[in-house]
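Fold and geometry: a report
One-letter residues, chain by chain:
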Amino acid sequence: MSAKSKNRTAPKPRPRIATVWLAGCSGCHMSFLDLDEWLFELAELADVVYSPVADVKEYPENVDAVLIEGAVANLDNLELLKKVRARTRLVVAFGDCAITGNVTSLRNPLGGPDSALHRAYVEEVDGNGSPPSDRTTVPELLPKVLPLHQVIKIDAFLRGCPPSPAAIRELLEQTLSPPSKSRSKKDTP
Amino acid sequence: MSAENKTITIDPVTRLEGHARITIHLDAGGAVEDARFHVTEFRGFEKFCEGRPLWEMPGITARICGICPVSHLLASAKAGDEVLAVSVPEAAANLRRLMNLGQIIQSHALSFFHLSAPDLLLGMDADPGTRNVFGLMAKEPDLARDGIRLRQFGQEVIEILGGKKIHPSWAVPGGVRVPLSEKGRDAIRERLPEARRISREALDLFRKIAERFAEEAAVLGDFSTLFLGLVAKDGGWEHYDGTIRVMDSEGIRVADGLDPRQYRSYIAEAVEDWSYLKFPYYRERGYPDGAYRVGPLARLNLCDHMPTPLAEEARQAFRATADGKAVTSSFYYHYARLVEILAAVEEVERLIDDEKTRSPRIRAEAGVNRSNGVGVSEAPRGTLFHDYEVDEHGLITRVNLIIATGQNNLAMNRTVLQAARHYIKGSAIPEGFLNRIEAGVRAFDPCLSCSTHALGQMPLQVTLYGPKGEKLDERTRD
Ligand code: SF4
């Protein structure tokens, strides 16, 4: 991360962090929100430049760190993930779905999404349903749900379903204020 | 913009719980012809749960959604109760109610403070870069802190009962695993006064600012539909048990006392090619006339009274705005949500001191005694159905889930259309107008990870399509 740039310029730019939600249940993001009032401190330390809880629609350039929840299940996920990697220095696989596929990947043994789609959109429906297929609006599902590291390089892993707020906080603190020789731990409130 | 038909796309729709986009189709004159709300995620739980033991289902289906895992946990456990053919001990029912209340508080607080308050307090036209919870923390720190603490209170009720804020494995077929400890009860009690203060103040605040949003209230989903949800035996507000009531916008009861386990006899599902979210409708009225709404707005319209005094007062004031008819503007989901937070806080207070809650008998043990079971509860966003079939060993052979948000799908689509017709005229579309269209969806607090239980996600994008369906323009806000 931005650790080395410390003495180069006078006012150090504020770190830019992001959170991304791929195919997961949002529980990892809820655990992030369970940081509760510490979020005020986080807002002092960094700018949150992209997140499902914010209104920025396009993943920005030049992001210092990102937490990515969820696995890669469809073409939209895949495209976004590659973009995120290209525009971010530190990529964190955030939670078990991102790391292993977890519950999201339980469909993999079915061998492709077709039987699950058939179950949901044909069998459970009155009349003749068929799976949504308008590719201008609903993305195609991948044959297999993939953990993030099978698609891009990952810099850090945060385990848990979801990871605990304490673990998230520790990771963010380490990322945002790397321990320097002169300064030990944080002493701010 | 040329004199051709166009489509505007809002992608992703943000500050929603899930992944979606909105497309708005314009005709040659630049007027809105159609608008759609697309859910772009599908995960396939109904299929991959086949073959798994019934006892795993609460834990697995909770992973449908991290915002309302408790709803799935409870509906799943209740479906399990049916398969076991047991009625759960009174203490277990009370404890499950308690956890559901904790969830209603945290989930509604998230919707109001974290996701929608930026629109309501910073303004629909505020800078999109800061129109979010962090912007709220900077501009309205006291309110933001209150919202964070109220959500935290709800999460703590869940944690105190289940040992974990998100995905506790606590409710099981037959009851619950652990009772409420003395220490836990004290911890909850200690935080009640603050929770009550925050929920009352939030309600006052909404009433105060509601006037400013008269225009939005009129065009963000104000139309007639049916309303559907659980009510208690005595017709009161209900979130865990009871029977289904259906009402129309005139406030007239269409059906009452329906057995939730028979949902298939009155609810059917349709599919559209352009969304992974299905379209449930009230069977008797057909598709799409059988559109109905669920969730806080529906529950407050449907019930005869609230179980607690402050909430009942608030409900009466809420219903008075519609002169005895149903409150029909979806914008007032916010209002209804705040009344429910207050009710939930008061109910928590009542339940922790209820003698029955303290009984150590919390679980009925039994084997598989039926080959199917339907579990129904009110999730924060509306009625939730888990329907299982099992073999003689309790392995799942079939699952159907009808999720709250899905049942609002028809109404959300109509909201998007109504909002688009009002705000979009010609090619100049201010960002604040797009945000209002999104705000129309946000009022429903759709949980798309839930509703597509499902393999996908929910961003908002506006695309313009030409007369032959060709893509002419795409607007993604940044
Ligand atoms: S790791 Fe767990 S909490 Fe996180 S998205 Fe996956 S299922 Fe949800």
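Going along each chain's sequence as written, the residues are numbered from 1 onward. Here the convention is simple: chains get letters from A, ligands get numbers from 1, in the order in which they are written. The predicted nature of this model means local features are confined to residues of pLDDT at least 70 and side-chain atom pairs, given and counted, to a pLDDT of 80 or more, with totals for whole chains, interfaces and linings taken over all residues. Derived side-chain values reflect all non-hydrogen atoms in the structure, with water molecules and hydrogen atoms excluded from consideration.

**Points about the overall build of chain B**
A run of DSSP states H or I qualifies as a helix once it reaches four residues; a run of E qualifies as a strand once it reaches two. Both are numbered from the N-terminal end. Looking only at helices and strands, one finds 15 helices and 16 strands in chain B. Throughout, exposure labels follow a simple rule: accessible area from a 1.4 Å probe, protein chains only, divided by the maximum for the residue type, with under 20% read as buried, over 50% as exposed, and the rest as partly exposed. Counting across all 478 residues of chain B, residues that qualify as buried make up 68%. Taking the intrachain contacts of chain B between residues at least 6 apart in sequence as the baseline, contacts between residues at least 24 apart amount to 72%. When checking whether two residues touch, look at their non-hydrogen atoms; a contact exists if any pair is within 4.5 Å.

**Quick look at the environment of Ile252(B)**
Residue and element names in this part refer to chain B. Mapped onto the secondary structure, Ile252 falls in the loop between strand S7 (243–247) and strand S8 (253–258). Through-space distance from the C-alpha of Ile252 to that of Ser87 is 33 Å; in sequence the pair is 165 residues apart. Ignoring any residue separated from it by four or fewer positions in sequence, one finds Ile252 in contact with Val246 and Met247.

**Brief notes about the nonpolar core**
Side-chain atoms within 4.5 Å are what join buried Ala, Val, Leu, Ile, Met, Phe, Trp, Tyr and Cys residues into a set we call a nonpolar core. If you look at the biggest cluster of nonpolar residues, it comprises 159 residues, and the most contacted ones within it are Phe32(A) and Ile24(B). Per element, the largest residue contribution to this core is 17 residues, and it comes from helix H4 (residues 90–122) of chain B. An automatic or database domain assignment is the source of the domain bounds shown. Of the residues that make up this core, three or more belong to each of domain 1 (6–41 + 410–477) and domain 2 (87–223 + 328–359) of chain B. If you look at the next biggest cluster of nonpolar residues, it comprises 23 residues, including Val63(A), Ile68(A), Leu81(A) and Val84(A).

**Looking at the side chain of His167(B)**
Positionally, His167(B) belongs in the loop between helix H6 (141–162) and strand S4 (171–172). On the basis of relative accessible area, His167(B) is assigned to the buried category, the value being 3%.

**Digging into the packing of aromatic side chains**
Residues and elements named next belong to chain B. Any two rings among Phe, Tyr and Trp, with Trp reduced to its six-membered ring, count as a pair given centres within 6.5 Å; such a pair is stacked if its planes are under 30 degrees apart, edge-to-face if over 60, and tilted if neither. Evaluated as defined, the whole model comprises 15 aromatic pairs over all chains. Residues Phe206 and Phe331 carry aromatic rings whose centres are separated by 6.2 Å and whose planes lie at 35 degrees to one another, so their mutual orientation is tilted. A residue pair is termed long-range when its members are at least 10 positions apart, and Phe206 in helix H7 (residues 182–210) and Phe331 in the loop between helix H10 (309–320) and helix H11 (333–352) qualify at 125 residues. Residue Phe206 is classed as buried on the basis of its relative accessible area, which comes to 1%.

**Topic: the sheet that holds strand S5 (residues 88–94) of chain A**
Through backbone hydrogen bonds, the strands of a sheet pair up, either in parallel or in antiparallel fashion. Residue and element names in this part refer to chain A. We treat two strands as partners when DSSP finds at least two bridges between them. Here we have five strands laid out as an open sheet, ordered S2-S1-S3-S5-S7, and parallel in their pairing. Of all the strands in the sheet, the pair left with one neighbour each is strand S2 (47–50) and strand S7 (156–158). When strand polarity is set aside, the average angle formed by the axes of neighbouring strands in this sheet is 30 degrees. Pairing analysis gives five bridges linking strand S1 (residues 16–21) to strand S3 (residues 63–69), with the strands arranged parallel. Looking at S3, one finds that Ala18 is bridged to Val66. Fitted lines through C-alpha atoms give the axes, limited to the stretch in contact for helices. The angle between two N-to-C directions lies from 0 to 180 degrees.

**Thoughts on the state of the cysteines**
Residue and element names in this part refer to chain B. Two cysteine sulfurs form a disulfide in these notes if their separation is within 2.5 Å. In the structure shown here, the tally under the stated rule is zero disulfides over all chains. Residue Cys68 stays outside any disulfide, its sulfur separated by 3.4 Å from that of Cys65, the closest cysteine. Looking at Cys68, the relative accessible area reads 2%, which means it is buried.

**As for the confidence of the model for chain A**
Scored between 0 and 100, pLDDT is the confidence that the predictor attaches to each residue. Put simply, chain A has an average pLDDT of 83, and 82% of its residues get 70 or more. For the stretch residues 181–189 of chain A, pLDDT sits under 50, and the model shows five contacts to residues farther than four places along the chain or on other chains.

**Topic: the site of the ligand**
Near, as used in this document, describes a residue that has one of its heavy atoms within 4 Å of the molecule or strand being considered. Taken together, 13 residues form the shell around the ligand, and within it Cys25(A), Cys28(A), Cys97(A), Cys161(A) and Arg63(B) come nearest. The environment around the ligand is built from residues contributed by chains A and B. Within the residue set of the shell around the ligand, elements represented by two or more residues are helix H1 (27–33) and helix H4 (96–100) of chain A. Residues were grouped as follows: Ala, Val, Leu, Ile, Met, Phe, Trp, Tyr, Cys and Pro as nonpolar; Asp, Glu, Lys and Arg as charged; and all remaining residues, including Gly, as polar. For the shell around the ligand, a count of residues per class yields five nonpolar, five polar and three charged.

**Some details on unusual backbone geometry**
In this chain, Cys161(A) is followed by Pro162(A) through a cis amide linkage whose omega measures -5 degrees. In this structure, the amide linkage connecting Tyr287(B) to the following residue, Pro288(B), adopts the cis form with an omega of 5 degrees. We note that Ser26(A) has phi near 80 degrees; this positive angle belongs to a residue other than glycine. Along the chain, Ser26(A) falls in the loop between S1 and H1. The backbone phi angle of Ala85(B) is positive, close to 60 degrees, even though this residue is not glycine.

**What to know about the domain arrangement of chain B**
The accessible area lost on association of the parts is a frequent measure of interface size. All names here are of chain B. In terms of domains, chain B is made up of domain 1 (6–41 + 410–477) and domain 2 (87–223 + 328–359). Accessible area that two parts lose when put together, evaluated with a 1.4 Å probe and summed over both, is termed the buried area. Both faces combined, the contact of domain 1 with domain 2 buries some 1900 Å², and carbon together with sulfur accounts for 49% of it. A pairing counts as a salt bridge when a side-chain nitrogen of Lys or Arg comes within 4 Å of a carboxyl oxygen of Asp or Glu. At the junction of domain 1 with domain 2, the criterion picks out three salt bridges. When the shortest N-O distance is used, the salt bridge between Asp119 and Arg442 registers 2.5 Å.

**Focus on the pattern of salt bridges**
Following the criterion strictly, the structure yields 52 salt bridges over all chains and no others. Residues Arg151(B) and Asp36(A) are paired through a salt bridge, measuring 4.0 Å at the closest nitrogen-oxygen approach. Remark: Asp36(A) occurs in the loop between H1 and helix H2 (38–45) and Arg151(B) occurs in helix H6; the pair is interchain, linking two chains. Salt-bridge contacts for Glu349(B) lead to Arg196(B); the nearest nitrogen and oxygen are separated by 2.9 Å. Taken together, the residues Glu349(B) in helix H11 and Arg196(B) in helix H7 connect sequence positions 153 residues apart.

**Side note on the sheet that holds S7(B)**
Residues and elements named next belong to chain B. The sheet built from four strands is open, its strands ordered S8-S7-S6-S11 with mixed pairing. At either margin of the open sheet sits one strand with a lone partner, and together these are S8 and strand S11 (292–293). Pairing between strand S6 (residues 226–231) and S11: two bridges, direction parallel. Note that in S11 the partner of Phe227 across the bridge is Arg293.

**Overview of the environment of Asn413(B)**
Residues and elements named next belong to chain B. Residue position: Asn413 is located in helix H13 (residues 409–423). Here Asn413 falls in the buried class, since its relative accessible area comes to 9%. Contact partners of Asn413, with chain neighbours within four places excluded, come to Ala35, Arg36, Phe37, Trp274 and Phe279.

**Section: the pairing of S3(A)**
Residue and element names in this part refer to chain A. Counting buried residues along S3, seven of its seven residues qualify, which places the element largely inside the surrounding structure. Alignment of S3 against S5, held across six bridges, turns out to be parallel. Across the sheet, Leu67 pairs through a bridge with Val92, a residue of S5.

**Considerations on the environment of Asp146(B)**
Residues and elements named next belong to chain B. Structurally, Asp146 can be placed in helix H6. Given the relative accessible area of 14%, Asp146 is considered buried. Sequence spacing of Asp146 and Tyr276 is 130 residues, and the spatial spacing of their C-alpha atoms is 36 Å. Sequence-distant contacts of Asp146, that is, excluding residues within four places in its chain, are made with Arg197, Ile198 and Glu201.

**Concerning the packing of H2(A) against helix H6 (residues 165–176) of chain A**
All names here are of chain A. Between H2 and H6, whose axes approach to 11 Å, the crossing angle comes to 20 degrees. One way to sum up the angle between H2 and H6 is to call them roughly parallel. Helix-helix and strand crossings are classified by hand; for H2 and H6 the assignment is left-handed. For the pair H2 and H6, contact is made by Trp38, Leu42 and Leu45 and by Arg169, Leu172, Glu173 and Leu176, respectively. For the contact of H2 with H6, the class distribution of residues is five nonpolar, no polar and two charged. Orientation categories follow fixed angle ranges, with anything under 35 degrees roughly parallel, anything over 145 roughly antiparallel, 65 to 115 roughly perpendicular, and all other angles oblique. For a crossing to be left-handed, the near helix must be turned anticlockwise from the far one by less than a right angle; the clockwise case is right-handed.

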